[in-house]
Amino acid sequence: MYFAATNGGGAPYFISKMNMSGKKTNTSGSDGFQRLNFLYQASIVALNAVPHCPQITSVFGKNMISIGKKLQLKLDHSVKRTICKGCKVLLIPGKSVEVKIKPIPASRKRKSRRGNQRKIQEWKCMLCSCVKQFVLNPGYSLWAEQNMDST
Amino acid sequence: MAKKASRKELESIFYKPLPVDARITLEQQSHILGSTTKNLNKDENFLIEYMKPKTVAETEELTAQFKKNFPLRNNKTLKDNKSKRTKKKLLTSIEKRKLGLHKLPKTGIKYASLAPLHQLWVEYMENNLNLEISASGANKDGLYQKIAKADYHGCLLMVTRSKCPSYIGAKGIVVQETKNTFQIICEEDKLKIIPKRDSVFTFNISRWTFTLFGNHMNIRPSERASRKFKSRPTIDL
């Protein structure tokens, strides 16, 4: 089941299938997905409403992750990357995260013949200073994205 | 009165001035070590001019005072108790409490700023419950299951009945839901923490009102999503 994030402020959509006779039936787990969708959008709205208190968004983030665990729903990578791993706060570059580009640390460098000139994009949460690192590789695409392109 | 007199006697026993020999050596030591105040020259003149009209002491005595050494008054701060984090991503519960992740501030959040959140919640519920079809149907179990599994962050709740009379009439937008409580921002911009137990809540969606019995909702919101609620013969406070 593919669950995508929508922009903050957009109306939530509901997932439903159409029967042969045209009646709407619910797909399995759609309730949970609707709830996750709502929680993600609510956290964006809450961060805009109360910018001095990002702890509210951590409430939403915690619920998102625990509901995903209980109902065995997977969060899309675009959603998961914006939730801090430590404090579960919504990460928005510039507002709640510091984004820096750093050279890859020596411990991660593999011994290769060509000089490894990869760089890392480092997201550091302003609240709890937990760090997320993404290796910058222009030719790389995620597995989920590859599948989407092919179908 | 007798007690006060004895107190003074006790004080005189404890707080005698130091013997003369000790006093002299301390003064010598302070001269040798130098004053603990840095940048003495700049401040000294200002201090002396400030103190002149206020004390009877002469300037030489004042400068001697400034040059005293207070060995216990060091500029060392207490060691910052930086908790050594072995894992870079996980936070210990102490760290979480320090960051204030469990408790929301009581006065910072305004009711008016949460209006868009409430609107989002109403849209979510309307889409989720599909009230036009389900409310008129005969079998409402599906509807009740959905209500039980729904998320209430941003809901405008009102306490209609409760065993504790002070909770009755509390109305506000839900900001946090825990296992035992609803945390509500009421119209006076205050955070109210209302326990779910022994309370009955109501909320409105367009033209329908729903009641929630708090006694049966004493579950964490994430676990409520997967719970199957059994029908009971009597539900009440």
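Placed above this text is the structure.
Remember, predicted model here, so these are calculated numbers, not experimental data.

Undergrad: How should I be thinking about the packing of helix α1 (residues 30-49) of chain A against helix α6 (residues 115-129) of chain B in this particular structure?
TA: The description of two packed helices rests on the angle between their axes and on the distance between the axes. α6 of chain B packs onto α1 of chain A with a crossing angle of 165 degrees between their chain directions and a minimal axis gap of 10 Å. By the angle class used here, α1 of chain A and α6 of chain B are roughly antiparallel. Remark: the crossing between α1 of chain A and α6 of chain B carries right-handed chirality. Contacts between α1 of chain A and α6 of chain B involve Asp31, Gln34, Arg35, Phe38, Gln41, Ala42 and Val45 of chain A from the former and Pro116, Leu117, Leu120, Trp121, Tyr124, Asn127 and Asn128 of chain B from the latter. Here the contact of α1 of chain A with α6 of chain B is composed, by residue class, of eight nonpolar, four polar and two charged.

Undergrad: What am I meant to see in the pattern of salt bridges here?
TA: When the charged atoms of two side chains with opposite charge come close together, those side chains can pair. On inspection of all chains with the given rule, the structure shows five salt bridges over all chains. The residue Lys102 of chain A makes a salt bridge to Glu122 of chain A at a minimum N-O spacing of 3.2 Å. Of the two residues, Lys102 of chain A sits in strand β3 (residues 97-103) while Glu122 of chain A sits in strand β4 (residues 119-125), which places them 20 residues apart along the sequence. Residue Lys102 of chain A is classed as partly exposed on the basis of its relative accessible area, which comes to 33%. Taken together, the shared-partner salt bridges connect Glu177, Lys196 and Arg224 of chain B into one network.

Undergrad: Even after reading the chapter, I still don't get the nonpolar core, so can you show me in this structure?
TA: With 56 residues, the main nonpolar core has Ile56 of chain A together with Trp121, Met125, Tyr152, Leu157 and Phe203 of chain B as its most contacted residues. Here this core gets ten residues from one element, more than from any other, and that element is α1 of chain A. Discounting residues that sit within four places of it in the chain, Phe203 of chain B has contacts with Trp121, Met125, Ile147, Tyr152, Cys155, Leu156, Leu157, Trp208, Thr209, Phe210 and Leu212 of chain B. One finds Val97, Cys128 and Phe134 of chain A together with Leu101 of chain B within the second-largest nonpolar core, a separate group that totals twelve residues.

Rules and cut-offs
- Residues numbered from 1 in each chain as written.
- Chains lettered and ligands numbered in written order.
- Predicted model: local features only at pLDDT ≥ 70, side-chain atom pairs only at ≥ 80, totals over all residues.
- Heavy atoms only, no water.
- Axes fitted to C-alpha atoms, helices over the stretch in contact; angles between N-to-C directions.
- Helix = DSSP H or I, 4+ residues; strand = E, 2+ residues; numbered from the N terminus.
- Parallel < 35°, antiparallel > 145°, perpendicular 65-115°, else oblique.
- Left-handed = near helix turned anticlockwise from the far one by under 90°.
- Contact = heavy atoms within 4.5 Å.
- Nonpolar A, V, L, I, M, F, W, Y, C, P; charged D, E, K, R; others polar.
- Salt bridge = Lys/Arg side-chain N within 4 Å of Asp/Glu carboxyl O.
- Buried < 20%, exposed > 50% of the residue type's maximum accessible area, 1.4 Å probe, protein only.
- Core = buried A, V, L, I, M, F, W, Y, C linked by side-chain atoms within 4.5 Å.

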